[in-house]
Amino acid sequence: MDQNLLTKQRELNDRLNRYRNEYYNLNSPSVSDAVYDRLFEELQELESATGVQMSNSPTNTVGYPAVSKLEKTNHSIPLLSLDKVKNTEELCRFMGEHQVMFMLKLDGLTIKLTYEGGKLVEAATRGDGDVGEIVTHNTRAIGGIPENIQYEDRLVVTGEAFIRPSDFEQLKTTLVDSDGKPYKNGRNLAAGSVRLFDAGACLGRRLMFMPFNVLEGMEELPRKSERLKALRPLGFLPCKYMVTKRPLTQKETEDGIRQLKEYAADADIPIDGIVITYNDIALSKSCGRTGHHYKDGLAFKFEDDLFQTKLQTIEWTPGRTGEIAPVAIFEPVEIDGCEVSRASLHNLSFIEDLELAPGCRILVSKRNMIIPHVEENLDRGNFSMDAVIPHQCPCCGEPTRIHETSGRGENGEERVIKTLFCDNAACETRRLKQFVHFVSKKAMNIEGLSEGTLEKLIGRGWIHSYLDIYRLDQHRNEIIRMDGFGEKSWQRLWDAIQQSRSTTFERYVIAMDIPMVGNTASKVLCREFHGSLDEFRDAVYGGYDFRQLPDFGETLHNNIQEWFNKEENFCIWEELQMMMNIQKPVETDNQTINRDNSFSGKTIVVTGKVEPYTRDEMNSLIASLGAVAGSSVTRKTDYLVCGEKAGSKLSKARELDIPVLTPEEFFRMAGVA
Ligand SMILES: NC(=O)c1ccc[n+]([C@@H]2O[C@H](COP(=O)([O-])OP(=O)(O)OC[C@H]3O[C@@H](n4cnc5c(N)ncnc54)[C@H](O)[C@@H]3O)[C@@H](O)[C@H]2O)c1
Ligand SMILES: [Zn+2]
C-alpha cells in the first residue's frame, strides 16, 4: 500500500476531526463549510484508494462526541447526517420513479424531542448520532416547542433549532462567541445557544424549532409527509416541504429548488440547501445506512464555489515600505466568466498556515464575488518556509529579513504575523513604489505620471528624489523623443506637475509617506496645527505627544518622531515646501462647518452599513459637523454610530461604555433629518 497516501489520509482525517470539534463543540469553525466539504470528499477519495478507514473517520461517523457539561442521553434510533450531492442530475437519478419530498435544509442545530403521555419528557442534541446532550432545560426559550400535546402514545420528533436571519443580524451586534469574537453565522449562534448550561442565558436568543421528521409514533401513517402534516394540529410548525406527484425533469427539479429557496428568503428562515427524501416510509427503511447517513435521502447544498487548481509559483514584489508581497500564480481557472490566475497571499503567516509550496493543488474562491482568495491547500505536509521564501530581494538582491508584528488573523484573533522585508532603502522597486505613492491621487495628484512612465524616467537617471520631478523640464528635449511621448504629452505632464504645486497640508503630509499617516491622520494633523506645516514640524521637534490626538496611538506617535529624525526626510520636507504653494485649509471639502451641534469637537466612529450613505459620505458629514471621524473605537471615542451588520466595534464600545447611537438618533441629533 502507498504509505504516502496513508500518511496523507491520516493527516486529513485528524485535520477534519479538529474542524469538527471546532464546529460542533466550540461553535467557532476556522474554515468555511465549502472548504470542509471539499476536504471531506478528498478524504473519501483517499479512503477508497487506500482501502483503509480510520475508526474515527468523519466519513463514517456523525457530528462529534460532545464534551459539554450537559448530561448525555442515548439515541435508540441513531440520528445520522445526510449524503451530499452537487448537482440536480444526481438528484434526479436518486428520485427515479419514486415519490419524494423536497424540504428546506434548515441551518441550525438538530434536536430530538420525546413526548410521553402527551408531555415533553426530553429534548436532546444529535451529538455523535448515538449519544446526544440533554437540553430539556432550554426548551422554554425555544419557540415552536409545545410542552403538552394531544397525543398520548410515545412520539419522537426530530427537527432543527435555528435563529431567523433577521434576528441574527440584531443579535450578532451584541453577542460574542467563546473566543470573544462576533459570531460568523446564525448556525453557530443557534448551536451555542441551544447547548447553554444556563437556561436564563438562552432566553433572548430568539431560537425557533421546526420539525422535519417523525421518528417514532404515528405508525398508522405510511408517508413522511402525512406524519409531518399531523404534527400541525399538535402545535408544531413543520418545516416547509413539497411532495412530487410524478418523476420530475431536471428543469422541474431546478424550478422546485428555486421556489423553496425563495420561500425561505421570504419567510426569514435560514437554509443551507434542500433535502430530498423518499416519502414512503417502508421504502426508506429498506434503503439501509452507512455509519454517516441513511440512504433514503440526499442533501443538495448551496455553497460558495471553490475552484481547484495548481499553484505554479509565488511571485514576490517589494512595496514602498520594503515589505515584499507574495502573490500566488496558479493555473488559470474560470470564475464567473473571468479567467483568474493570481491571488494575493498577504504575508508569510498566511503561506505558513496553508503550508503552500509550488506544485500544490489549491482551492480558490472569489470572496464577495470579486477578490480571488486561496482558501485551502489539498497537498499539505513537509512544508518548509526556508524552501519557499526568497533569501535575497528579487529586485535588488540584498538579503531579506522576516519581520514579526502582532496583528489580527483572518478570524479577527490576535496573533503574530510574519512578513518578508527588503531593508535596502535604495531597492529599485521599493523606490519606484514610493514615487508611485508620491504622485498618487491622494498625495500630490500628478496625473499622467504612471508607474510605467516613472520607471522609464527613473531608469534614465532623471529622477532621484521627489524634487527632481519638479525639475523634469531640464530633460524636456530628451523626454519628447522618448517612445510613446511627444510634444503634446510632455506638455500635459508638465502642466500636471505645475498644477500639483498648488496643494494642501493634507496632501503634502500624505506624500511624505510617514508610515500609517494617510487620509484620516493627515486631516487630524491639519486641524490640530491649523494647516501649517511649520507648526506641525515645530511640534515634532518640541516633543509634542501625538497620542493625545483622536485615533493616534503609540505606534503612530513613534512613526512621526522617527520619520522626522531621519536627516534625509527632514531635508526633503523643507526643500520641497519651497516649491509648493500650500493652500490655507478650506473647512472640509468646501462644506461650511456647522459648529452649532452636539458633535462639534467630538470623535465619532461609524460601524456597519448606514444606508443610503457610503462610509466616505458619512465621514464628510461628520467633518461638516466639526467632529472627527475615527476609524477604531478607543477611549477617546465619544460616540459610536452603529448601522446594520455591525461587528466587533460595537462590543468594544460597550466594553468602554461609549454611547452608541442608531443612525436615526445620530441624524436627528446632527439636525440632518
Ligand atoms: N466549517 C467547519 O469546520 C465544519 C466542520 C464540521 C461540519 N461542518 C458542516 O457541517 C456539515 C456536516 O454536518 P451534518 O452532519 O449536520 O450534515 P449537514 O448539515 O450537511 O446535513 C445533515 C443534517 O441536516 C439537518 N437537516 C436540516 N433540515 C433537514 C431536513 N429538512 N431534513 C433532514 N435533515 C435536515 C439534519 O440535522 C441532518 O442531520 C458539513 O457538511 C459541513 O458543511 C463544517
Ligand atoms: Zn530590495
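Conventions adopted
Residues numbered from 1 in each chain as written. Chains lettered and ligands numbered in written order. Predicted model: local features only at pLDDT ≥ 70, side-chain atom pairs only at ≥ 80, totals over all residues. Heavy atoms only, no water. Near = heavy atom within 4 Å. Polar contact = N/O pair within 3.5 Å; in protein donor to acceptor, adjacent residues only side chain to side chain. Areas by Shrake-Rupley, 256 points an atom, 1.4 Å probe, with all protein chains shown as cover. Helix = DSSP H or I, 4+ residues; strand = E, 2+ residues; numbered from the N terminus. Nonpolar A, V, L, I, M, F, W, Y, C, P; charged D, E, K, R; others polar. Domains from an automatic or database assignment. UniProt positions renumbered as here; feature names shortened; annotations may be inferred. Buried < 20%, exposed > 50% of the residue type's maximum accessible area, 1.4 Å probe, protein only. Contact = heavy atoms within 4.5 Å. Pairing = 2+ DSSP bridges. Axes fitted to C-alpha atoms, helices over the stretch in contact; angles between N-to-C directions. Parallel < 35°, antiparallel > 145°, perpendicular 65-115°, else oblique. Donors = N, O, S within 2.8 Å, 3.2 Å for Na, K, Ca; no water. Tetrahedral: all angles 85-135°; square planar, octahedral: opposite > 155°, others 65-115°.

K.L.:
How should the site of ligand 1 be read in this particular structure?
P.N.:
As a structural note, the neighbourhood of ligand 1 is formed by 23 residues, with Asp 37, Ser 81, Thr 110, Arg 126 and Lys 301 the closest of them. Ser 81 places a polar side-chain atom, nitrogen or oxygen, 2.7 Å from an oxygen atom of ligand 1. A distance of 3.0 Å separates a nitrogen atom of ligand 1 from a polar backbone atom of Leu 106. Here ligand 1 loses 93% of its free accessible area of 820 Å² to cover by the protein chains. Put simply, the parts of the chain that give the shell around ligand 1 at least two residues each are helix H1 (3-25), helix H2 (33-50), strand S2 (81-85) and strand S3 (100-106). In the shell around ligand 1, the residues fall into 13 nonpolar, 3 polar and 7 charged. Residue assignment places the shell around ligand 1 across two domains, with domain 1 (1-50) and domain 2 (72-301) each supplying three or more.

K.L.:
Sorry, what's going on with the UniProt feature "binding site: NAD(+)" (unreviewed entry) in the protein chain here?
P.N.:
Summarizing the sequence annotation, UniProt attributes the feature "binding site: NAD(+)" (unreviewed entry) to Asp 33, Ala 34, Val 35, Tyr 36, Asp 37, Ser 81, Leu 82, Arg 126, Glu 160 and Lys 301 in the numbering used throughout. Their sequence span is 269 residues, while the largest C-alpha to C-alpha distance among them is 23.2 Å; these annotated residues do not converge on one region. Mapped onto the elements of the fold, Val 35 is located in helix H2. Here Asp 37 lies in helix H2. Judged by its relative accessible area of 12%, Asp 37 falls in the buried class. For Asp 37, the contacting residues outside a window of four places in its chain are Lys 84, Lys 301 and Glu 303.

K.L.:
It is not clear to me how the UniProt feature "binding site: Zn(2+)" (unreviewed entry) in the protein chain should be interpreted in this structure. Could you clarify?
P.N.:
Taking the numbering used here, the UniProt-annotated feature "binding site: Zn(2+)" (unreviewed entry) corresponds to Cys 393, Cys 396, Cys 422 and Cys 427. These annotated residues cover 35 residues of sequence, but their C-alpha atoms sit close together, with the largest distance between any two at 8.5 Å. Inspection of the secondary structure puts Cys 396 in the loop between helix H11 (385-388) and strand S18 (400-408). On the basis of relative accessibility, which here comes to 27%, the residue Cys 396 falls in the partly exposed class. When near neighbours in sequence (up to four residues on either side) are disregarded, Cys 422 contacts Gly 322, Ile 324, Cys 393, Cys 396, Cys 427 and Arg 430.

K.L.:
What exactly am I supposed to notice about the sheet that holds strand S9 (residues 207-216) here?
P.N.:
The strands making up a sheet are joined through hydrogen bonds of the backbone, oriented either antiparallel or parallel. Read across the open sheet, the 5 strands follow the order S5-S4-S8-S9-S7; overall the sheet is mixed. Strands with a single pairing partner mark the edges of an open sheet, and in this sheet they are strand S5 (119-125) and strand S7 (142-143). With 7 bridges connecting them, strand S4 (residues 109-116) and strand S8 (residues 155-163) associate as antiparallel partners. Counted as the bridge partner of Thr 110 is Glu 160 from S8. Packing against the sheet, helix H5 (residues 186-194) makes contact with S4, S7, S8 and S9, and its axis sits at approximately 125° to S8. The sheet contacts of helix H7 (residues 224-231) involve S8 and S9, and relative to S9 the element is tilted by about 135°.

K.L.:
Explain the packing of helix H3 (residues 88-95) against helix H8 (residues 250-266) to me, please; I cannot follow it from the model alone.
P.N.:
Where H3 meets H8, the axes come as close as 9 Å, and the angle between the chain directions of the two elements is 110°. As judged from the angle between their axes, H3 and H8 are roughly perpendicular. Contacts from Thr 88, Glu 89, Leu 91, Cys 92 and Met 95 of H3 reach H8 at Gln 250, Thr 253, Glu 254 and Ile 257. When the residues that make up the contact of H3 with H8 are grouped by side-chain class, the tally is 4 nonpolar, 3 polar and 2 charged.

K.L.:
Before we go on, may I ask you to explain the coordination of the zinc ion (ligand 2) in this structure?
P.N.:
Metal coordination angles have textbook ideals: 109.5 degrees for a tetrahedral set of four donors and 90 or 180 degrees for an octahedral set of six. The protein atoms that coordinate the zinc ion (ligand 2) are Cys 393 (SG), Cys 396 (SG), Cys 422 (SG) and Cys 427 (SG), at distances of 2.2 to 2.4 Å. Every donor counted, the 4 donor atoms about the zinc ion (ligand 2) form angles of 101 to 115° at the centre, which fits tetrahedral coordination. Along the chain, the residues donating to the zinc ion (ligand 2) are arranged with the sequence spacing C-x2-C-x25-C-x4-C. With Cys 396 in the loop between H11 and S18 and Cys 422 in strand S19 (residues 414-422), the pair connects residues that are 26 residues apart, well separated along the chain.

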